[in-house]
Amino acid sequence: MAIAEREFMKKHPEKNIGNPLVRYDNVTKKFGNTQVLKGLNLDIKPGEKVALIGPSGSGKTTIIRMLMTLEKPTSGVIKIGEELLWHKVVNGKLVEADEKHLRKMRSDIGMVFQHFNLFPHMTILRNVTEAPIHVLGLSKEEARERAVDMLTKVGLGEKLDAYPEQLSGGQKQRVAIARAVVMQPKIMLFDEVTSALDPELVGEVLQVIKELAQETDMAMVLVTHEMDFARDVADRVVFLNNGQIEEEGSPEEIFGSPKSERLQAFLSRFLKS
């Protein structure tokens, strides 16, 4: 057992029982002749916060897009809990899952993208209440209560009646986070959520995610180039290079004692000390 896993289990003994929340089993992904992922094996425990770091093109975003059912694996399987994500077993054979199965599996997953994808013609409150009403089946009152609570937590309780065009980029991203979290998924995926923001707005978004990581028991997978943020938030850091896991461990291991030359070279570009 890796040191990072032992440390996580010490901090979260309630998460030690049973199977991983997410399991990638020998997953590959090709785009044309380019192989982006090469036999990925990765487990994520319930409640665990995992940061994916690595150079552009190393496969980080592909990993979470496959979990969000936006990209189909070329081979291998992904499981959420006891259920296969992209496949079903029919008469003892592994077959591709249909859209009904994918929709059901997506209900456990939330994702925040680089770009906010808010509905410009809807108020902030309505942006956050639409999915709880139409997907979860909540009443308008229940959805509003949940949305107001979450928007207040991300510092936008006074912007309920504003429209996206009236908000800064950082505020829009905080709305996007609230919209995803209000669905109460088992796992949240963050894809370079600050990369489209002006530098002065980055901190407010990262702070919201840090607070969520501390206050909720949702698992999180964070694709990020913000190394200090990864060090502060993650239980485990996974360094990807050329479509494979080059090194993984606790933040202390990865940032304090990187073993591979590739990881050392990568971190030297980001870390001042």
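The shown structure was predicted, so the numbers you read here are calculated from the model rather than taken from an experiment.

About the thresholds
- Residues numbered from 1 in each chain as written.
- Predicted model: local features only at pLDDT ≥ 70, side-chain atom pairs only at ≥ 80, totals over all residues.
- Heavy atoms only, no water.
- Helix = DSSP H or I, 4+ residues; strand = E, 2+ residues; numbered from the N terminus.
- Rg over C-alpha atoms; globule rule 2.2 N^0.38 Å.
- Buried < 20%, exposed > 50% of the residue type's maximum accessible area, 1.4 Å probe, protein only.
- UniProt positions renumbered as here; feature names shortened; annotations may be inferred.
- Salt bridge = Lys/Arg side-chain N within 4 Å of Asp/Glu carboxyl O.
- Axes fitted to C-alpha atoms, helices over the stretch in contact; angles between N-to-C directions.
- Parallel < 35°, antiparallel > 145°, perpendicular 65-115°, else oblique.
- Left-handed = near helix turned anticlockwise from the far one by under 90°.
- Contact = heavy atoms within 4.5 Å.

> When you look at the overall build of the chain in this model, what are you seeing that I'm missing?
The helix and strand inventory of the chain stands at 10 helices and 12 strands. In terms of overall dimensions, the chain is globule-like: its C-alpha atoms have a radius of gyration of 19 Å, near the 19 Å expected for 273 residues. Across its three principal directions, the C-alpha atoms of the chain cover 55 × 50 × 40 Å. Every one of the 273 residues in the chain was classed for burial, and the buried ones make up 51%.

> Can you help me understand the UniProt feature "domain: ABC transporter" (unreviewed entry) in the chain in this one?
Per the UniProt entry, the sites bearing "domain: ABC transporter" (unreviewed entry) are residues 22-267 in this numbering. Spanning residues 22-267, this segment combines 37% helix with 28% strand, and its end C-alpha atoms are found 27 Å apart.

> Hey, could you run me through the pattern of salt bridges in this one?
Throughout the structure, instances matching the rule amount to 15 salt bridges. With a shortest N-O distance of 2.6 Å, R23 and D43 are connected by a salt bridge. In this pair, R23 sits in strand β1 (residues 22-31) while D43 sits in strand β2 (residues 34-44), placing the two residues 20 residues apart along the sequence. For D43, a relative accessible area of 27% gives the class partly exposed.

> How should I be thinking about the packing of helix α6 (residues 169-181) against helix α7 (residues 199-215) in this particular structure?
When two helices pack together, their arrangement is given by the angle between the helix axes and by the axis-to-axis distance. Orientation of α6 relative to α7, taken along the N-to-C sense of each, is 20°, at an axis distance of 8 Å. In terms of orientation, α6 and α7 fall into the roughly parallel class. Remark: the crossing between α6 and α7 carries right-handed chirality. For the pair α6 and α7, contact is made by G169, G170, Q171, Q173, R174, I177 and V181 and by L201, E204, V205, V208, I209 and L212, respectively.

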